[in-house]
Amino acid sequence: KSTIAFYIMKTIKLFFVITFLTIFSSSCRQQPSYTIMGTVAQSELEGKKVFLIINGWTSGKDAIIDSTIIANGVYTFKGYTETPKYCCITINPDDRENMIRTFVVLENAKIHVDINAKKETTISGTAYNDQFQKFQESLRGPDQKWRKAASALRAGTQAGTLSPDQEKNLLKESAKYRKDRDSLIFNFIKNNINNPGAWSELHNCAVFLSVEKLKELIAGANEQTMKIHEVVEIQKRIKALEKTAIGQPFTDLSMSDPDGKEIALSDYTGKGKYVLVDFWASWCGPCRAEMPNVVAAYHKYKDKGLEIIGISLDSKHESWIKAIKELNLPWPQMSDLKGWECAGVKAYAMSGIPHTVLLDQEGKIIARGLQGEELSQKLDELLK
């Protein structure tokens, strides 16, 4: 019995020793976490607020993760993130003119964010942030040149001091730098699509791209990246562009006319006439500038088989009605008064207005984006 008791006691002691060592080992093991160590060169920002924010471009909405203040030119954020995220650090948000916004990939690691006297940011500490920093540095040169040329063009045009040759050269120069800049952005995103730093430019880069380029842009996206807000939107845009490409049947839209009566595109399309769907808004300067061309086309071809349907991106009924009268628009009009949330924007994957969609007599899309002389030539070809 004493031998049995001895072994029982020994087993119990061994059990407690193993349990203690397991608990001790677990408590000593560090949990993954992030530490952002920020420095700011501007002394006037001492004591100012700093916020760490999940950026709404990739999540659908902004969300404040943490906040602190600058003390002795330094601020620190600590915490844990389940997955790497694209975040914004906002300094001094209460002062719009002197606010600083900088972007960082939030990972469970030590990350350094240093802002110099010129408000230029240097980010380091992880592979994602190192890649993002290298990209931002490569963008500075073309970005500055593009902005300088565009600014000179705008100032000269407003002052009326540019000769035709000077204006032409500035336009050419501005377009070149913009193209160089856009190429750098596209290639960075394409080659680093799973780096949250690449998500910073996704929306601006994707909005004007063709279906083929959009598919190329996100071809290497992993499962996590495919779920972020902007990539989800890009996938929707690809589907909408494919559905409303030239050769496809029109996508129907139903909205209210100026009198509040429900009408639809299908009330006018596929009935033996060519139909020009004109997306516009009362607040859109280029739309108003283009409207005389559309009015002229209507009067020239309305008796030869042309119908026009206006779809407004207005949000105020009175502004919409006033513009219809001011611009003398005689064709049917419709709007859901939702501005850029208009059903037509997503259905036809539009990136800007004015925008036109030309349908044949059966309701098939035969052209998109025709304006000015191009619109006139196309209608001449079809209805002369």
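Just so we're clear, the structure is a prediction, and the values are computed from it rather than from any experiment. (Residues numbered from 1 in each chain as written. Predicted model: local features only at pLDDT ≥ 70, side-chain atom pairs only at ≥ 80, totals over all residues. Heavy atoms only, no water.)

Engineer: Please set out the sheet that holds strand S12 (residues 306-312) residue by residue, giving values where relevant.
Structural biologist: Here five strands make up an open sheet; going across it, the order is S13-S12-S11-S14-S15 and the pairing mixed. Looking at the sheet topology across the chains shown, the edges are occupied by strand S13 (333-334) and strand S15 (365-368). (Pairing = 2+ DSSP bridges. Helix = DSSP H or I, 4+ residues; strand = E, 2+ residues; numbered from the N terminus.)

Engineer: Residue-level account of unusual backbone geometry, with values.
Structural biologist: The amide bond that connects Ile353 to the next residue, Pro354, takes the cis arrangement and shows omega of 5°. Locating Pro354 in the fold gives a position in the loop between helix H11 (343-347) and strand S14 (355-359). Backbone geometry places Asn72, a non-glycine residue, at a positive phi of 60°. Among the structural elements, Asn72 can be located in the loop between strand S3 (63-69) and strand S4 (74-79). Even without a glycine there, the phi angle at Asn92 is positive, about 60°. If you trace the backbone, Asn92 turns up in the loop between strand S5 (85-91) and strand S6 (100-106).

Engineer: I'd like a rundown of the state of the cysteines, residues and numbers included.
Structural biologist: Each disulfide consists of a covalent bond between the sulfur atoms of two cysteine residues. Summed over the entire model, instances satisfying the criterion amount to one disulfide. One disulfide in the model links Cys284 with Cys287; its S-S distance is 2.4 Å. Negative torsions about the S-S bond denote left-handed disulfides, and the value of about 75° found for Cys284 with Cys287 makes this one right-handed. We classify Cys287 as buried; its relative accessible area is 1%. (Disulfide = S-S within 2.5 Å. Buried < 20%, exposed > 50% of the residue type's maximum accessible area, 1.4 Å probe, protein only.)

Engineer: Any details on the pairing of S5? Residues and values, ideally.
Structural biologist: The element S5 is largely enclosed, with a buried count of six among its seven residues. Where strand S2 (residues 49-54) lies against S5, five bridges are found, and the strand directions are antiparallel. Across the sheet, the residue bridging to Ile54 is Cys87, located in S5. With seven bridges joining them, S5 and S6 adopt antiparallel strand pairing. Among the inter-strand pairings, Lys85 is bridged to a residue of S6, identified as Leu106.

Engineer: Give me the packing of helix H3 (residues 127-159) against helix H4 (residues 164-191): which residues, what numbers.
Structural biologist: At a minimum axis distance of 8 Å, the contact between H3 and H4 shows a crossing angle of 165°. As summarised for this structure, H3 and H4 are arranged roughly antiparallel, according to the angle between their axes. Considering the relative orientation of H3 and H4, their crossing is left-handed. Its residues assigned to classes, the contact of H3 with H4 comprises 15 nonpolar, three polar and eight charged. (Axes fitted to C-alpha atoms, helices over the stretch in contact; angles between N-to-C directions. Parallel < 35°, antiparallel > 145°, perpendicular 65-115°, else oblique. Left-handed = near helix turned anticlockwise from the far one by under 90°. Nonpolar A, V, L, I, M, F, W, Y, C, P; charged D, E, K, R; others polar.)

Engineer: Please set out the sheet that holds S4 residue by residue, giving values where relevant.
Structural biologist: With mixed pairing, four strands are arranged side by side in an open sheet as S4-S1-S7-S8. Among the strands making up the open sheet, the edge pair consists of S4 and strand S8 (121-124). Neighbour to neighbour, the strand axes of the sheet diverge by 15° on average, direction disregarded. Bridge count for strand S1 (residues 34-40) against strand S7 (residues 110-115) is six bridges, and the pairing is parallel. If you follow Thr35 over to S7, its bridge partner there is Lys110.

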